[in-house]
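Tertiary structure, described
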Amino acid sequence: MTILLWVVLIGWIAALLRTIIHLGLLPRLRADAAPDGPLVSLVIPARNEEGNIERTIRSLLAQTYRSIELIVVEDRSTDATGAILARVAEEDARLRVISGSETPAGWLGKPWALHQGSEAATGEILLFVDADVVYERPAVAAAVAHLRASGASMLMLLPRIVMRSFWEWVAMPQLAMTVYSFFPTWLSNRTTLPVLGIGGGSGNMVWRSDYDDAGGYEALHDAVIDDVGMARLLRRKGRRTIVVRAEDFVSVRMYDGGRAVVEGFTKNLFAVGNRSYFWAIVGVSVTLLFHVLPYALALAGQVLAGAAVGIITLTRLILFAALGYRLDYAVWAHPLMGLCWSGMALRSMWITGVRGRLAWRGRSYDAARTRFGA
């Protein structure tokens, strides 16, 4: 047990150092960018998004960057999404609404919608955005300037994650910790290794020529996590993809409440390990070891476990303060976060692995015919 605790403690010291490095060295968007340049095609898939879509598209239509076209693929919604889009399109000609066709065999719904949107796009730059993301007015201009200056093929915008309910505050900080504390994100920006590719629905901005050369969404037709898949796809062609801190420009409330959090990540988590039961069990075991066990042993008086809890708390306080998250959850919610993600991983393995069904937004797929990404 002592050896395990030393491993945990050293691992968390490394996570603390990564957090400090990433917060200090990852580039940030700057607002002082030119309001014009290459045409940017903003492509949004929208299925049953009546609660989000209007705010998202109005934030994009209000951009200071003038050379934009906004393409929303209305993906056969069963709610008021289509009516909302039609109303806004009458007010602003820059919004083009495409009625999505039925998803072909072998495709997942979101990649198919994004493929249709990209086929209609005419811009030199494509920006793929989810239907629940909000952009501040200088965001697109700042992103274009950063993409052009970087020489990269794709720029991923790291957003501010909006959390409102108890279970959102417990679970969702895991995403920020993955990027800033666990993953070698700084190294990712300096390599083209596919395994280090990072993408996100908050904004993947990619040069059209590189997108086409890599095969676009046709190459990602069965990708469950298509945004990460896009980064890996480009890197397999030797292209650079980078991430930039954009929390002052881009925000997203990914899920509304605990039930939505569970359903959303049930769809994804088993696919992260390429549908391997071995890696799923390893992932849950490592999560419990590093995120839950130190707290249990600290309560029992283990000194090394107490030291690990101290490093975990310091790491969370630094990260939460930098990103504007609630500091009370930084202090006490970490073991609950670990239990929550372990449970969601096991649920994902059961539903999308053992039972073989992947369900999302009223559609159901054979999970065995899907994959993580590129």
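A few points on the structure. In this convention, every chain numbers its residues from 1, walking through the sequence in written order. pLDDT decides what is reported in this predicted model: residues at 70 or higher carry local features, side-chain atom pairs at 80 or more are listed and counted, and totals for whole chains, interfaces and linings draw on all residues regardless. The side-chain numbers reported here are obtained from all heavy atoms of the structure, hydrogens and water having been left aside.

1. Section: the sheet that holds strand S5 (residues 133–135)
Sheet architecture is open: three strands sit in the order S5-S10-S7, paired in mixed fashion. Pairing within the sheet leaves two strands with one partner each, and these edge strands are S5 and strand S7 (160–161). For two strands to be treated as a pair, DSSP must find no fewer than two bridges joining them. Numbering goes from the N terminus for both helices and strands, where a helix is a DSSP run of H or I of at least four residues and a strand is a run of E of at least two. Pairing of S7 with strand S10 (residues 250–252) involves two bridges; the strand directions are parallel. Bridged to Ile161 within S10 is Val252.

2. Re helix H5 (residues 139–150)
Any helix carries an expected span of 1.5 Å times its number of residues minus one. In this model H5 runs 16 Å from its N-terminal to its C-terminal C-alpha over twelve residues, within 8% of the 16 Å that 1.5 Å per residue would give. Inspection of H5 places Ala139, Val140, Ala141, Ala142, Ala143, Val144, His146 and Leu147 among the buried residues, and these make up the whole buried set. The positive-phi residue at the C-terminal boundary of H5 is Gly151, with phi of around 75 degrees. Under the scheme applied here, a residue whose accessible area is under 20% of the maximum for its type counts as buried, over 50% as exposed, and between as partly exposed, the area being computed with a 1.4 Å probe on protein chains only.

3. Quick word on helix H4 (residues 109–120)
The first and last C-alpha atoms of H4 sit 17 Å apart over twelve residues, in line with the 16 Å expected at 1.5 Å per residue. With ten of twelve residues buried, H4 lies mostly within the body of the structure. Residues Gly109, Pro111, Trp112, Ala113, Leu114, His115, Gln116, Gly117, Ser118 and Ala120 constitute the buried set of H4.

4. Description of the nonpolar core
In plain words, nonpolar cores are sets of buried Ala, Val, Leu, Ile, Met, Phe, Trp, Tyr and Cys residues tied together by side-chain atoms within 4.5 Å. Within the largest apolar cluster, 68 residues are counted, with the highest numbers of intra-cluster contacts made by Trp12, Phe128, Tyr180, Met230, Phe265, Leu319 and Tyr325. No other element matches helix H13 (residues 303–323), which puts nine residues into this core. Leave out the neighbours within four places in its chain, and Phe265 touches Met172, Leu175, Met254, Tyr255, Trp341, Met344 and Ser348. Leu60, Ile68, Ile84 and Val244 belong to the second largest nonpolar core, which has 41 residues in total. Any two residues whose heavy atoms approach within 4.5 Å at even a single point are treated as in contact.

5. Examining the pattern of salt bridges
We define a salt bridge as a contact between a side-chain nitrogen of Lys or Arg and a carboxyl oxygen of Asp or Glu at a distance within 4 Å. Taken as a whole, this structure holds 19 salt bridges when the rule is applied. Between Asp92 and Arg94 there is a salt bridge, with its nearest N and O atoms 2.8 Å apart. Note that Arg208 is salt-bridged to Asp212, the shortest N-O span being 3.1 Å. Of the two residues, Arg208 and Asp212 are both situated in helix H9 (residues 208–214); the distance of four residues between them amounts to about one turn of the helix. The buried category is assigned to Arg208, whose relative accessible area is 15%. Judged by relative accessible area, which is 42%, Asp212 ranks as partly exposed. Through salt bridges with shared partners, one network takes in Arg28, Arg245, Glu247 and Asp248.

6. As for the packing of aromatic side chains
Stacked, tilted and edge-to-face are the three classes applied to pairs of Phe, Tyr and Trp rings, where Trp contributes its six-membered ring and a pair requires centres within 6.5 Å; stacked means planes under 30 degrees apart, edge-to-face means over 60, and tilted covers the rest. Considering all chains together, one arrives at 16 aromatic pairs under this definition. Centre to centre, the rings of Trp169 and Tyr329 are 5.8 Å apart; their planes meet at 25 degrees, and the pair counts as stacked. Taken together, the residues Trp169 in helix H6 (residues 166–171) and Tyr329 in helix H14 (residues 327–332) connect sequence positions 160 residues apart. In this pair, the class of Trp169 matches that of Tyr329, namely buried. Working rule: Lys NZ or Arg CZ, within 6 Å of ring centre, within 35 degrees of ring normal, means a charge sits over the ring. Above the face of the Trp169 ring, Arg326 is positioned so that its terminal group lies 5.9 Å from the ring centre.

7. Things to note about the packing of helix H1 (residues 2–25) against helix H12 (residues 277–299)
It is the contact of H1 with H12, at a shortest axis distance of 10 Å, that shows an interaxial angle of 120 degrees. With respect to each other, H1 and H12 are oriented oblique. Our pair here, H1 against H12, has a crossing hand that is left-handed. Here Leu4, Leu5, Val7, Val8, Gly11 and Trp12 of H1 lie close against H12, whose contacting residues are Leu289, Phe290, His291, Pro294 and Leu297. To obtain each axis, a line is fitted to C-alpha atoms, and for helices this fit is confined to the stretch in contact; angles are then taken between N-to-C directions over 0 to 180 degrees. Roughly parallel means an angle under 35 degrees; roughly antiparallel, over 145; roughly perpendicular, 65 to 115; everything else is oblique. Two helices crossing with the near one rotated counterclockwise from the far one by less than a right angle form a left-handed crossing, whereas a clockwise rotation gives a right-handed crossing.

8. Comments concerning the packing of H1 against H13
The geometry of H1 relative to H13 is characterised by a closest axis approach of 9 Å and an angle of 15 degrees between their N-to-C directions. Overall, the two elements H1 and H13 adopt an arrangement that is roughly parallel. The two elements H1 and H13 cross, and the hand of that crossing is left-handed. Between H1 and H13, the residues in contact are Thr2, Leu5, Trp6, Val8, Leu9, Trp12, Ile13, Ala15, Leu16, Thr19, Ile20 and Leu23 and Leu304, Ala305, Ala307, Ala308, Ile311, Ile312, Leu314, Thr315, Ile318, Leu319 and Ala322, respectively. Amino acids outside the nonpolar list (Ala, Val, Leu, Ile, Met, Phe, Trp, Tyr, Cys, Pro) and the charged list (Asp, Glu, Lys, Arg) are all regarded as polar, and Gly is one of them. Taken together, the residues of the contact of H1 with H13 break down into 20 nonpolar, three polar and no charged.

9. A look at the side chain of Ser77
Within the secondary structure layout, Ser77 lies in the loop between strand S2 (68–74) and helix H3 (81–91). Of note is the side chain of Ser77, whose polar atom sits 2.8 Å from the backbone nitrogen of Asn48. Within 3.5 Å is the distance limit for a polar contact, defined as a pair of N or O atoms, with the added protein rule that one can donate a hydrogen and the other accept it, and that residues adjacent in sequence qualify only through two side-chain atoms. Polar contacts involving the side chain of Ser77 include one to the side chain of Glu74, which spans 2.4 Å. When residues no more than four places from it in sequence are discounted, the contact partners of Ser77 are Ala46, Arg47 and Asn48.

10. Notes on a nonpolar patch on the surface
Like charges are joined within 9 Å and nonpolar side chains (Val, Leu, Ile, Met, Phe, Trp, Tyr) within 5 Å, but only among residues with over 30% relative accessible area and no salt bridge; these make up the patches. Reported accessibility uses the Shrake-Rupley method at a 1.4 Å probe radius. Residues are deemed covered only where the shown protein chains occlude them. Taken together, the side chains of Ile13, Leu17, Ile21, Leu25, Trp186 and Leu187 define a hydrophobic patch exposed on the protein surface, amounting to about 520 Å² of accessible area. At the level of elements, H1 and helix H8 (185–188) are the ones that each hand at least two residues to the nonpolar patch. Among the elements that take part in the nonpolar patch, H1 stands out by supplying four residues, more than any other. Inspection of the secondary structure puts Leu25 in helix H1. On the accessibility criterion, Leu25 (48% relative accessible area) is partly exposed.

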